[in-house]
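Commentary on secondary and tertiary structure
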Protein chains: 2
Amino acid sequence: MPVGTSGSVKGLTATQLEEVGAQIILANTYHMHVRPGEDLVRELGGLHAFTGFRRPFLTDSGGYQVMSLSALRQRTEESVVFRSHLDGARLELSPERSIEIQMKLGADIIMAFDECPPFPASRDEVEDATLRTARWAARSKRAHTREDQWLFGIVQGGVHDDLRKQSAGAITSIGFPGYAIGGLSVGEPKEDMVRILEVMDRALPEDRPRYLMGVGTPEDLLDGIARGVDMFDCVLPTRNARNGQVFTWAGKLSLRNARFARDASPLDPDCVCPTCRISSRAYLRHLHLANEMTGAVLATLHNLFFYLDLVGKARESIVAGRFETFRQETLEGFRA
Amino acid sequence: MPVGTSGSVKGLTATQLEEVGAQIILANTYHMHVRPGEDLVRELGGLHAFTGFRRPFLTDSGGYQVMSLSALRQRTEESVVFRSHLDGARLELSPERSIEIQMKLGADIIMAFDECPPFPASRDEVEDATLRTARWAARSKRAHTREDQWLFGIVQGGVHDDLRKQSAGAITSIGFPGYAIGGLSVGEPKEDMVRILEVMDRALPEDRPRYLMGVGTPEDLLDGIARGVDMFDCVLPTRNARNGQVFTWAGKLSLRNARFARDASPLDPDCVCPTCRISSRAYLRHLHLANEMTGAVLATLHNLFFYLDLVGKARESIVAGRFETFRQETLEGFRA
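The paragraphs below set out a description of the structure included in this document. (Residues numbered from 1 in each chain as written. Chains lettered and ligands numbered in written order. Predicted model: local features only at pLDDT ≥ 70, side-chain atom pairs only at ≥ 80, totals over all residues. Heavy atoms only, no water.)

1. Comments concerning the overall build of chain A
Which entries qualify depends on this criterion: Secondary structure is summarised from DSSP: a helix means a run of H or I of at least four residues, a strand means a run of E of at least two, and numbering begins at the N terminus for each. For a compact globule the rule gives 2.2 Å times the number of residues to the power 0.38, and the radius of gyration it is set against comes from C-alpha atoms. Here the term buried applies to any residue with accessible area under 20% of the maximum for its type, exposed to any over 50%, and partly exposed to those in between, with areas from a 1.4 Å probe on protein chains only. Each accessible area is a Shrake-Rupley result for a 1.4 Å probe, and residues are judged covered by the shown protein chains and nothing else. Positive: Lys, Arg. Negative: Asp, Glu. His and the chain ends are not part of the count. We put the charge of a Lys on NZ, of an Arg on CZ, of an Asp on CG and of a Glu on CD.
Counting its secondary structure elements, chain A contains 14 helices and 12 strands. Taken over the C-alpha trace, chain A has a radius of gyration of 20 Å; the compact-globule value for 336 residues is 20 Å, and the two agree within 12%. Sorting the 336 residues of chain A into buried and exposed places 59% on the buried side. Split by element, the accessible area of chain A, about 13,300 Å² in all, is 49% carbon and sulfur. The average position of the 40 basic charges and that of the 44 acidic charges among the side chains of chain A differ by 3 Å.

Shown next, in the form of structure tokens:
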């Protein structure tokens, strides 16, 4: 899922998002709540009508942004009180309030309000947040009344196998149409993430979509898919594009690199995205160095196409029963 | 002609430029010379191949940007020596050098190297620049050897009718396939511009395209067309779009205006541009206030479509023999 934080994937139109094959995008509840506000979005017909992107939306619960972006947080069992990163206004989010906002925003998939412990954190802190996440998940489910939306539960538990199993048990007991794995890719070692994904693979029901939140690199996606993950969101393809970092089947490349100055070839010779069909590395490097907005747009189109192409090909290889071969070949390509 | 200063119309892809109906775009010789350099552009196949925009290009001569952007200029009869606005490097432009650069860039229409006097300037200064512009036009023509490019001459003369007539005589005597009117819209009163356009209308041959450089507002375009002008370039539609200023058939509007906060209508109910087909004023206002790049892109698409629609409809009305009616009705619409 490309990330459209404030109601747009930075630099792209809804038409371009469809062109690169985005089937669903994510919008951030915290950002949309702070500006322009969920009441305005609802009045204008919800996220689809407001943004012009007619395919599915997912909204997160806002909990992660409250912890990472806002100042002066105060968390109780009831709610989190915090100050807006924009104007310092006093705001409050609780399971009920997050669900109310998400119902007004009108995404197709919405998320339970959870508490994501920081990394590192003591085991007690993680356990406390994990138990609260389960209680808040139950409150989220009770608050959710729109039948045209799916509400997903979120599993926490940090890097502790037993807490993860306990959390998965608690969240699946409440029962949701899909489950998210939260609290990974927050700074923990890669081997911890992979081990927890294996714990989750065994603990979560096979017949419900699994969503690994905020992940990640192309390698991370393949690691997740290998352990049963179905959905991802990450700002990496879009943010890196704006910084001149491009993903290809032969690995990452930086547009700042002088060896591309006169390179007439496309970013990726194997890519058929709108950018690679028209633009050379030399042109994209020039636009990036000249700080031209079009450079960010073209690189974003490419990176999103690449990510969506990667998961599309992974899906095909699963259907064909050859995912592990696909994964190994792809990882070898990245290293080349 | 939309302006693609450094080889891109800010925020748009070549595909989007074609979608809004751009038949030709302008690139700035000064900017392309300073970065990435004309040799690189030539090596990559010229402006069309480099940028991916396959329709015609026009390049200006660089003279205007040398005077407006660079530091520490020194102008002799031979050339202008100046320092790059990017890194202070010593650079030199002359008629021969400007034409050489423009031949390497490979635009379809290129411009003679002229001297545009500032406004206000003494009559002596304007006369001096006007006479030099004629000598430089002759040198530009001698230096130009690419038969697949048109070289246009530029008329100067400030706001002085007699100098304008004298300049038109000198430049048309040298002989070019098209003529530009330079040195207007540089701060002079509107009535001076209109009067000079009337002088130019009588002084320039009817069977060659006339290009009013750096102009202007929608009203200015209609004023120019009424006096026989065929071509314009201006950053107004693109720059204003990035600043949240939008042009419509009912006049200008500012996206900052609070009355658009919940306005579900498109920017212009009479517009069929890619933006108006999908996006509301409320959404565009939100993106503008949130400083989202997509807002600049969508407003740029609209403003360029509006400008190209305006001149397209003006052209149709000329063919139908009802331009003056079209102009009056359009101006009334703007005032409404």
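2. Thoughts on the interface of chain A and chain B
Put simply, the rule is: Contact between two residues is taken to exist if any of their heavy atoms lie within 4.5 Å; hydrogens are not considered. Accessible area that two parts lose when put together, with a 1.4 Å probe and added across both, is what the buried area reports. For this analysis, a salt bridge means a side-chain nitrogen from Lys or Arg found within 4 Å of a carboxyl oxygen belonging to Asp or Glu. Residues adjacent in sequence count toward polar contacts only when both atoms are side-chain atoms; beyond that, a polar contact is any pair of N or O atoms within 3.5 Å, and within protein one must be able to donate a hydrogen and the other to accept it.
With 39 residues of chain A at the contact, the number on the chain B side is 39 residues. Interface area, chain A with chain B, both sides summed: about 3,300 Å², of which 58% is carbon and sulfur. On the chain A side of the interface with chain B, the three residues burying the most area are R262, H286 and M293 of chain A, jointly 19% of the side's total. Here K10 of chain B makes a salt bridge to E292 of chain A, at a shortest N to O gap of 2.6 Å. For the pair chain A and chain B, the number of links is 20 residue pairs in polar contact (both at pLDDT 80 or more). Secondary structure elements with two or more residues in the side of chain A that touches chain B: α1 (14-19), α3 (38-43), α4 (46-51), α12 (281-289) and α13 (293-319) of chain A. Among the elements that line the side of chain A that touches chain B, the one with the most residues is α13 of chain A, at six residues.

3. Focus: the packing of aromatic side chains
Inclusion rule: Two rings from Phe, Tyr or Trp (for Trp, the six-membered ring) form a pair when their centres sit within 6.5 Å of each other. Planes less than 30 degrees apart are called stacked, planes more than 60 degrees apart edge-to-face, and all others tilted.
Applying the stated criterion across every chain, the model contains 26 aromatic pairs over all chains. Measuring from centroid to centroid gives 6.3 Å for F323 of chain A and F326 of chain A, while their planes differ by 45°, and the two rings are tilted. Of this pair, F323 of chain A and F326 of chain A both sit in helix α14 (residues 323-335), separated by three residues, roughly a single helical turn. Overall, F323 of chain A belongs to the buried group, its relative accessible area being 12%. A ring pair is formed by F306 of chain B and F334 of chain B, whose centres lie 6.2 Å apart and whose planes are at 50°; its orientation type is tilted. With F306 of chain B in helix α13 (residues 293-319) and F334 of chain B in helix α14 (residues 323-335), the pair connects residues that are 28 residues apart, well separated along the chain. When sorted by exposure, F306 of chain B lands in the same class as F334 of chain B, which is buried.

4. What to know about the environment of L287 of chain B
As for its position among the elements, L287 of chain B is in helix α12 (residues 281-289). Judged by relative accessible area, L287 of chain B falls into the buried class, the value being 0%. With 11 residues separating them along the chain, L287 of chain B and L298 of chain B place their C-alpha atoms 9.5 Å apart. Not counting residues up to four positions away in its chain, the partners in contact with L287 of chain B are S6 and S8 of chain A together with E292, T294, G295 and L298 of chain B.

5. Some thoughts on the relation of the copies chain A and chain B
Which entries qualify depends on this criterion: To superpose the copies, least squares is applied to the C-alpha atoms of every residue with a pLDDT of at least 70 in both.
Superposition of chain A onto chain B requires a rotation of 180° combined with a translation of 0.0 Å along the rotation axis, giving an RMSD of 0.0 Å. Such values leave the two copies arranged in the relation of a two-fold axis. Closest approach to the rotation axis within chain A is made by the C-alpha atom of G11 of chain A, at a distance of 3.7 Å.

6. Observations concerning the pattern of salt bridges
All names here are of chain B. Scanning the entire structure with this criterion turns up 56 salt bridges over all chains. Ionic pairing is found between E198 and R227, a salt bridge with its closest N-O pair at 3.0 Å. Pair noted here: E198 is in helix α9 (residues 190-203) and R227 is in the loop between α10 (218-226) and β10 (231-232), with a separation of 29 residues, a long-range link. On the basis of relative accessible area, E198 is assigned to the partly exposed category, the value being 31%.

7. Considering a negative patch on the surface
Defined as follows: Each patch is built from salt-bridge-free residues with over 30% relative accessible area, joining like charges within 9 Å and nonpolar side chains (Val, Leu, Ile, Met, Phe, Trp, Tyr) within 5 Å.
On the surface, a cluster of negative charge is made up of E18 and E19 of chain A together with E18 and E19 of chain B. Within the residue set of the negative patch, elements represented by two or more residues are α1 of chain A together with α1 (14-19) of chain B. When its relative accessible area of 46% is taken as the criterion, E19 of chain B is described as partly exposed.

8. A closer look at the packing of helix α7 (residues 123-143) of chain B against helix α8 (residues 161-174) of chain B
Residue and element names in this part refer to chain B. Here is the rule: Here, axes are lines fitted to C-alpha atoms. For helices the fit covers the stretch in contact, and angles between N-to-C directions go from 0 to 180 degrees. Oblique is the label for any angle not covered by the other classes, which are roughly parallel (under 35 degrees), roughly antiparallel (over 145) and roughly perpendicular (65 to 115).
Taken N-terminus to C-terminus, the directions of α7 and α8 make an angle of 10°; their axes are 10 Å apart at the nearest point. The orientation of α7 with respect to α8, classified from their angle, is roughly parallel. Seen from α7, the contacting residues are R123, V126, E127, T130, L131, T133, A134, A137, A138 and K141; seen from α8, they are D162, L163, Q166, S167, A170, I171 and I174.

9. Here's the deal with the environment of G244 of chain A
Residue and element names in this part refer to chain A. The residue G244 is located in the loop between α11 (236-242) and β11 (245-248) in this model. C-alpha separation for the pair G244 and G295, spaced 51 residues apart in sequence, amounts to 8.3 Å. Ignoring anything within four residues of it in the chain, the contact list for G244 reads L253, S254, L255 and H288.

10. Thoughts on the pairing of strand β11 (residues 245-248) of chain B
Every other side chain in a regular strand lies on the same face of the sheet, so the side chains alternate between the two faces. Residues and elements named next belong to chain B. The condition that has to hold: For two strands to be treated as a pair, DSSP must find no fewer than two bridges joining them.
For β11 and strand β12 (residues 251-254), the ladder comprises four bridges, and the chain directions are antiparallel. Following the sheet pairing, V246 is matched in β12 by L253. Remark: two residues form the turn of the hairpin made by β11 and β12, two consecutive strands paired antiparallel.

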